[in-house]
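Chain residues, written in single-letter form:
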Amino acid sequence: MPKKKNFLALCFIALTGISASSALAGFGAHIGINLGQPSFSFMSATVRTSKSPWVISIDNTFDDLHFAINADNWFINKFAVYPVSFFAFWGISGSLQLRNNFHIGTGARLGLGLNWFVLERKSLELYVQGAWNPCIGIEDDGGIGFMFRPLCFPVSTGARWYF
């Protein structure tokens, strides 16, 4: 449990620094599954600001000590059926796994999602999203070698609170 608390504290500090210059920032968390990856489930800390189309998230799977940082650019964010919005994004990711087959990698992201601002003041956002996130890198799977994972599909759901 102390590892989870330390991870969440580190994510909050990092995400606060990223959004320090924004007028309105949404901080939150999401959980998800990663179809096509050895580290199947994950939890994340996330931030989105009103001044930028970028959404930043830091993912973690505790069993493998796997960390990933994602930067997604929402290039479409339109109402689908009021009050639900549809969004599409492209982005980049970086990952590091320290236990059970060390790896370090990077990848591109392309995804879709739905979000909904629950409260009238738009202070609570609920969302669900999925992405295609192929990655390349190096790994130690009984010997150092090239890693290519073309079939990586993280799917997550979460919430952000705006200040």
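These figures come from a predicted structure and were not determined experimentally.

1. Digging into the overall build of the chain
(1) Moving on: A count of helices and strands for the chain gives one helix and 10 strands.
(2) Moving on: Secondary structure elements of the chain occur, N-terminal to C-terminal, as α-β-β-β-β-β-β-β-β-β-β.
(3) Moving on: Out of the 163 residues belonging to the chain, those deemed buried represent 42%.
(4) Moving on: Residue pairs in contact within the chain that sit at least 24 positions apart in sequence constitute 52% of those at least 6 positions apart.

2. Remarks on the state of the cysteines
(1) Moving on: On inspection of all chains with the given rule, the structure shows zero disulfides.
(2) Moving on: Residue Cys152 stays outside any disulfide, its sulfur separated by 5.9 Å from that of Cys135, the closest cysteine.
(3) Moving on: Among the residues examined, Cys152 registers a relative accessible area of 3% and is labelled buried.

3. Focus: the side chain of Asn133
(1) Moving on: Tracing the backbone through its elements, the reader meets Asn133 in the loop between strand S7 (124–132) and strand S8 (135–140).
(2) Moving on: Of the polar contacts made by the side chain of Asn133, one reaches the side chain of Ser93; its length is 3.0 Å.
(3) Moving on: Of the polar contacts made by the side chain of Asn133, one reaches the backbone oxygen of Ala108; its length is 2.9 Å.

4. What to know about the pattern of salt bridges
(1) Moving on: One pass over the full model with this rule turns up four salt bridges.
(2) Moving on: In this structure, Arg109 engages Asp72 in a salt bridge whose closest nitrogen and oxygen atoms are separated by 2.7 Å. Pair noted here: Arg109 is in strand S6 (residues 103–117) and Asp72 is in strand S4 (residues 66–81), with a separation of 37 residues, a long-range link.
(3) Moving on: Of the residues examined, Arg109 reaches a relative accessible area of 7% and is grouped as buried.
(4) Moving on: Measuring nitrogen to oxygen at the nearest pair gives 3.0 Å for the salt bridge that ties Glu139 to Arg149. One end of the pair, Glu139, is in strand S8; the other, Arg149, is in strand S9 (residues 144–149), and 10 residues separate them in sequence. The burial state of Glu139 is the same as that of Arg149; both residues are buried.
(5) Moving on: One continuous salt-bridge network, built from bridges that share partners, spans Arg48, Glu125 and Arg160.

Definitions and limits used
Residues numbered from 1 in each chain as written. Predicted model: local features only at pLDDT ≥ 70, side-chain atom pairs only at ≥ 80, totals over all residues. Heavy atoms only, no water. Helix = DSSP H or I, 4+ residues; strand = E, 2+ residues; numbered from the N terminus. Buried < 20%, exposed > 50% of the residue type's maximum accessible area, 1.4 Å probe, protein only. Contact = heavy atoms within 4.5 Å. Disulfide = S-S within 2.5 Å. Polar contact = N/O pair within 3.5 Å; in protein donor to acceptor, adjacent residues only side chain to side chain. Salt bridge = Lys/Arg side-chain N within 4 Å of Asp/Glu carboxyl O.

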